[in-house]
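Each chain, letter by letter, is given below.
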Amino acid sequence: GPYEILSPLGAGGMGEVFRARDTRLQRDVAIKVVPDLLAGEPEVRARFEREARAASALNHPHICQVYDVGREGDVDYIVMELIEGESLAQRLERGAMPSAEVLRVSSQIADALDRAHRAGIVHRDLKPGNIMLTKQGAKLVDFGLARPTGLGGPGTGSRAGTPSSPTISRPLTAAGSIVGTFMYMAPEQLEGNEADARSDIWALGATMYEMATGLPAFEGKSQASLIASILSKEPRPISEVVPLSPPALERLVKACLAKEPDERVQTAHDVKLQLKWITEGGSQAGVPAPVSAQRRKREGLAWSLFGVTAVVAVALAALLLQPKPKPNSVIFELIPPHQVGSVDLPRISPDGRRLAFNATDSTGAASIWVRSMNSLDAQRLPGTEGATRPFWSPDSRYLAFFSGGKLRKIDTAGGPPQIICDAPRGADGSWGAKNVILFDGTASDSVQRVSAGGGEPSGATVIDRAKHETFTAWPQFLPDGNHFLYLAYTGDERVLKVGSLDSKDVKSLGPVTSRTEYALGHLLFVRLGVLLAQPFDARAIKFTGDPFPVADGVEYDVIGSARFSASTQGTLVYRAGGGGASGRLVWVDRTGRRVGTIGASGFYADPMLSPDDTQLAVKLVTPGRADGDIWIWDLSRDLGSRFTFASSGVENAVWSPDGSRIIYSQVRENANDLHIKPIGGAGTDSVLLANHGQNFADDWSSDGRYLSFIARSPDTNRRWDIFVMEFGDSTRVIPVVTTPLNEYGTRFTPDGRWIAYTSWESGQSEVYLQAFPGPGSKARVSTHGGAEPMWRGDGRELYYLSPARELMAVSFEAGPMPHLGLPQKLFDTSVVTSSETRNRYCPTRDGQKFVLNITEGEAKVGATTVVLDWLGSLQKGTR
C-alpha cells in the first residue's frame, strides 16, 4: 500500500509496531500488525479487530487516533497516530511523580475514559504501559481488550461507530479466563464477572496511586498472593508514603479503589471534576468537592431525609463532645496571572502573607509581581521594570531588587523605588533584622554589605585565598540579624559557612550543594532535586540532627541556585524542575554518532564499564530521594538489576580487574566508608576502609594490587588528595598526590606505571600524568582545561572532557621518557552538567565506542507550589 516501513518501534504479546511513512500525506505514522506466530490464532485476530473498531470510534486529544485499517496478504494492520514520548510505565521506573504532574496526567486520562465510556466502550486494560506521555499530554493506547457496553448516551452505543459482532459482544471473561493485567484489575474482573466502566475507574485509581507514590497499590510475591491482596487488602495511605501530597487526592484514589463497584466513584466524568477541583486548590479543609449534576440529583433525596436526623444528632454531640480542631497542611499550586508568563524566583514574605516573583507580561517586559495569599490576583509593582532577584525586608513591607546596575528598594504599599547603592553586577541578597543588606558582588569578590537606608557597600566576607577560595555568594541572614550563612567556592566545591557583621570569625558547616535558608529551627537546601531540612541551632551555630526530605523535584542548578523560599511562619514555596531535563545513557562511536541506548531515561551518575565491556555499573537516583543506589546493566540484554540496597547514599562503583567484585563508597554522617561486594549476589558486602573521613573510590590497578581513592586530608586544609590502598600481606594506605589544592579522578594505566588525575594547581581544572608509584616525572596533559581522564585498554590513548564538554583524545607512548601527543577533539558530548557526578562517560577497551551520560530534552519550567505549615505536616506524618 502507500505505507513505507522505516523502523521497528516495539513488540508486545499481541502485536508488533513499526514506524512508517504515509507517502500520500507525507507524514510519519505507527503501524501495528499481528505477529506471524499468532496470525493464525482466532482470538488474537478478534482482539486486533476489536482494537481497530474501538479506537477508530473515538476522536479525542488524549486517545491515540486510528487513521486506517487494512489487510495485505495474510497481514492485518492498523495505521495509527505516531506518538513520540515514553510510556507512563517507563516514567514510573524513575519513581513517584510530583503532585502537579500526577493531577495533570490523571485529568487527561480521566477525560479520555469519559469520552470512551460515553461512546459505550470500556478499555478493560488500563495500566501505565498503555499510557504514553508526550509533549502535548498523555495519550491512552491499546484498546485490544475493549468492548461495547451499551452505557453510552443516545447514538453512542455499540451501533454507533462500533458495530457489534458475536466475538466482540460476548463477555471476554467467559470460560473462567481473566483478561487484562492483574495489578490493575478490579476485584470483579478477577472474580470472572463482566467488567464495566467502573472497572476502568478502579484501574485509574491504581494508576494514580502509583504515580503519586512510585509504588504499586497492591503487591504479592505470586499471582495468587497478588489477587488475594487486591480482593482483601487496602493500599498503604498515600500520605504515609508522600506526606506533602494533596489530602483530597488520597480521598479520590481511595474512592476509585473501593472493592464494591457500587461504592466507587461512578463515572470518569466525576473523577475528572474532582481532579480539576484539586488542581485549582480545592484540597483545603472545609471546601466541598464538586459533583456532577446527575450525582447531585441522585443524592438529593437521601440528603433531605438524612438532614432532620443529622441536626438532632449534631446538637446532642455538640453538648457532649467539643474536640479541638486538628491543624491541616494546605498545599496548592500557584497559578500565574493570565497576563504573565511563568513565575520565577518566588520569594515568600517573612510573615507568610505575600509572595513576590519575577514574571514577564504579554509585551515581554519583566517586572516584579506581588500576590497576597488570601487573593487570587497578583499585582505588578510599577517601577520594577527589568528588575531581578527580589527579596523582602524583615517587616515584610519593602522589597529590595537589582536593576540598572543599582540595588533598589520599593514600598509594596505604594511609591517609587529608591536607590540604595551601586551594584553593577549584584545578584542575590538578604535583608537582616539590624537593617543591613547583604548581596552578591561580582563573580570574583566577596559578599557585600550596605545599610538599607543607603550608602557605600563594603566587604562582608573575606575570601580565603590561602585555601584557594575563588569567591563567596548566596548570603542569608539568621534570625539574630548579625550572623549569616553564605557559600564559599573552591574550584567545583561549595562549602556552607557562617559569618557575622561584628566579627571576622567564620565557622564552616561543611560541603553543601545549593543556597541555604534558615526557617523554623532548620536549614533548608536542595540536593539532587530534593529539598531537605536539617535541624539547626541558630544560637549555637551547629546542626542538631540529620537532614530529611521536604519536597522533591525542586529546581536547582550547578552553581548552587535553588528555587525555594520559606517564611518565619511556616509557609514554603518552591518551583518544580529537578535541576533540568533528565539524563540518558547512550552509546556513541568515535565521531559522536549515537549507535544505541542503555535503559530508559533517568537520573544517572558515574557510569563505568566492566573490564570485559559486557556490563555497566551506574548510580541511579530515584526521584523523591536525595541519594541513590548502584545498578548493574547486562548490556547484551539491556537489563538492569539493583546492586546496592543502602540506607544511605552510595557513590563511585569501581570494578575489580577480573570483573568479579565492585568497590564503592557508602555515605555516613561526616564520613564515607569503602565497601566491597561480589557481583551476582554471591555474598554480602563488607567494609574495606572505615573511620578514615570522607573517601571516594577511583580506580583499581590491573594487577589487583592497588586501589586509588580520594580523601579530605587534614594536612592540606581538608582539600581532596589522592591515596592508594595497597593489598598484600597487610593492607596499608599510601599518600600519592597531596597538595593544598583539590586532586581527584585517578586512573591507572593498564601497566600500572602511571596515573592520570585532575588537579586545580593551575587555577582551573586540568588533567595531569604522574609516574606511579614514584618517584618520577609529571606532565600536564590538557591544554585549556580538562577533567575526568580515562584510558584506552592498551594504554596508548588517554581521553578527557574539556570545559565545553568536548571529548578529547591524547596519544601516549610509554617508556623512560613517555611521549604525549597534542589533544585532539573527537566530538561534542552533551553530557550532563551536574556537579554531583564524577565521571560522565567511559570508553570501551578498544576505544571505538563510548557510553555517555547525556542530558535528554530541554529543562522545563515547572509549577510553583505553596505549602502552608510545611514542618507541621511532616511532624504529623511519617518522614
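Residues numbered from 1 in each chain as written. Predicted model: local features only at pLDDT ≥ 70, side-chain atom pairs only at ≥ 80, totals over all residues. Heavy atoms only, no water.

A. Structural view of the overall build of the protein chain. Tallying secondary structure elements over the protein chain gives twelve helices and 59 strands in all. The burial tally for the protein chain puts 52% of its 879 residues in the buried class. Within the protein chain, contacts between residues separated by at least 24 positions form 46% of all contacts whose residues are at least 6 apart in sequence. For the protein chain, the accessible surface area stands at approximately 38900 Å², while carbon and sulfur atoms represent 52% of it. (Helix = DSSP H or I, 4+ residues; strand = E, 2+ residues; numbered from the N terminus. Buried < 20%, exposed > 50% of the residue type's maximum accessible area, 1.4 Å probe, protein only. Contact = heavy atoms within 4.5 Å. Areas by Shrake-Rupley, 256 points an atom, 1.4 Å probe, with all protein chains shown as cover.)

B. How the structure looks around the nonpolar core. Counting 51 residues, the largest nonpolar core has Ile 109, Met 208 and Val 271 as the members making the most contacts within it. Where this core is concerned, the elements lending two or more residues are α2 (88–92), α3 (99–118), β8 (131–134), β9 (137–140), α6 (197–213), α7 (223–232), α9 (247–256) and α10 (268–279). It is α6 that contributes the most residues to this core, nine residues altogether. By size, the runner-up hydrophobic cluster in this structure holds 35 residues, among which are Val 588, Leu 620, Phe 643 and Cys 842. (Core = buried A, V, L, I, M, F, W, Y, C linked by side-chain atoms within 4.5 Å.)

C. Seen up close, the packing of α9 against α10. Two numbers describe how α9 lies on α10: the axes approach to 10 Å, and their chain directions differ by 170°. The orientation of α9 with respect to α10, classified from their angle, is roughly antiparallel. Across the interface between the two elements, Ala 248, Leu 249, Arg 251, Leu 252 and Cys 256 of α9 pack against Val 271, Gln 274, Leu 275, Trp 277 and Ile 278 of α10. When its residues are assigned to classes, the contact of α9 with α10 shows eight nonpolar, one polar and one charged. (Axes fitted to C-alpha atoms, helices over the stretch in contact; angles between N-to-C directions. Parallel < 35°, antiparallel > 145°, perpendicular 65-115°, else oblique. Nonpolar A, V, L, I, M, F, W, Y, C, P; charged D, E, K, R; others polar.)

D. How the structure looks around the sheet that holds β9. Taken in spatial order, the three strands line up as β6-β8-β9 in an open sheet, and their pairing is antiparallel. Of all the strands in the sheet, the pair left with one neighbour each is β6 (86–87) and β9. Pairing between β6 and β8: two bridges, direction antiparallel. The residue of β8 that forms the bridge with Ser 87 is Met 132. (Pairing = 2+ DSSP bridges.)

E. Main features of α7. Along α7, the residues classified as buried are Leu 226, Ile 227, Ser 229 and Ile 230. All buried residues of α7 project into a common sector of 155° when viewed along the axis, lining one side. For α7, exposure combined with an orientation more than 90 degrees from the buried face picks out Ala 224 and Ser 232. Buried positions along α7 lie against α5 (187–190) and α6. (Arc of directions from axis to C-beta.)

F. Seen up close, the pairing of strand β36 (residues 594–609). As defined by bridge partners, strand β35 (residues 583–589) adjoins β36 across five bridges and the pair is classed as antiparallel. Bridge pairing in β36 links Trp 587 to Gly 596. Linking two consecutive strands that pair antiparallel, namely β35 and β36, is a turn of four residues; a positive phi of about 90° is found at Gly 592 within it. One ladder, built from five bridges, connects β36 with strand β37 (residues 615–621); its direction is antiparallel. Bridge assignment links Phe 603 to a residue of β37, and that residue is Val 621.

G. Inspection of the pattern of salt bridges at higher detail. By the definition in use, this model includes 30 salt bridges. In this structure, Lys 406 engages Asp 422 in a salt bridge whose closest nitrogen and oxygen atoms are separated by 2.4 Å. In this pair, Lys 406 is assigned in strand β18 (residues 406–411) and Asp 422 in strand β19 (residues 418–422), connecting sequence segments 16 residues apart. With a relative accessible area of 24%, Lys 406 lands in the partly exposed category. Among the residues examined, Asp 422 registers a relative accessible area of 44% and is labelled partly exposed. When salt bridges that share partners are traced, they join Arg 19, Arg 21, Asp 28 and Glu 84 into one network. (Salt bridge = Lys/Arg side-chain N within 4 Å of Asp/Glu carboxyl O.)

H. Region of the structure containing the sheet that holds strand β20 (residues 429–431). Pairing is antiparallel in the open sheet, where four strands are placed in the order β20-β21-β22-β23. The open sheet has two edge strands, β20 and β23 (458–459), and neither has a second partner. As judged from the two bridges shared by strand β22 (residues 448–451) and β23, these two strands associate in the antiparallel manner. Each residue of the ladder has a partner; that of Arg 449, found in β23, is Ser 458.

I. How the structure looks around the packing of aromatic side chains. Scanning the entire structure with this criterion turns up 21 aromatic pairs. Taken together, a centroid distance of 6.4 Å and an interplanar angle of 70° make the contact between Tyr 518 and Phe 536 edge-to-face. Highlighted residues: Tyr 518 in strand β28 (residues 517–519) and Phe 536 in strand β30 (residues 530–537), separated in sequence by 18 residues. Put simply, the rings of Phe 391, Phe 402 and Phe 439 touch in pairs and so form one group of aromatic residues. When the ring centre of Phe 564 is taken as origin, the NZ or CZ atom of Arg 515, which lies over that ring, is 4.7 Å away. (Phe/Tyr/Trp six-rings, centres within 6.5 Å; stacked < 30°, edge-to-face > 60°. Lys NZ or Arg CZ within 6 Å of the ring centre and 35° of its normal.)

J. Representation of the confidence of the model for the protein chain within the structure. Looking at the protein chain as a whole, the pLDDT averages 78, with 78% of positions reaching at least 70. For residues 282–328, every residue scores under 50 in pLDDT, and the model assigns this stretch 26 contacts once sequence neighbours within four places are set aside. (pLDDT = per-residue confidence, 0-100.)

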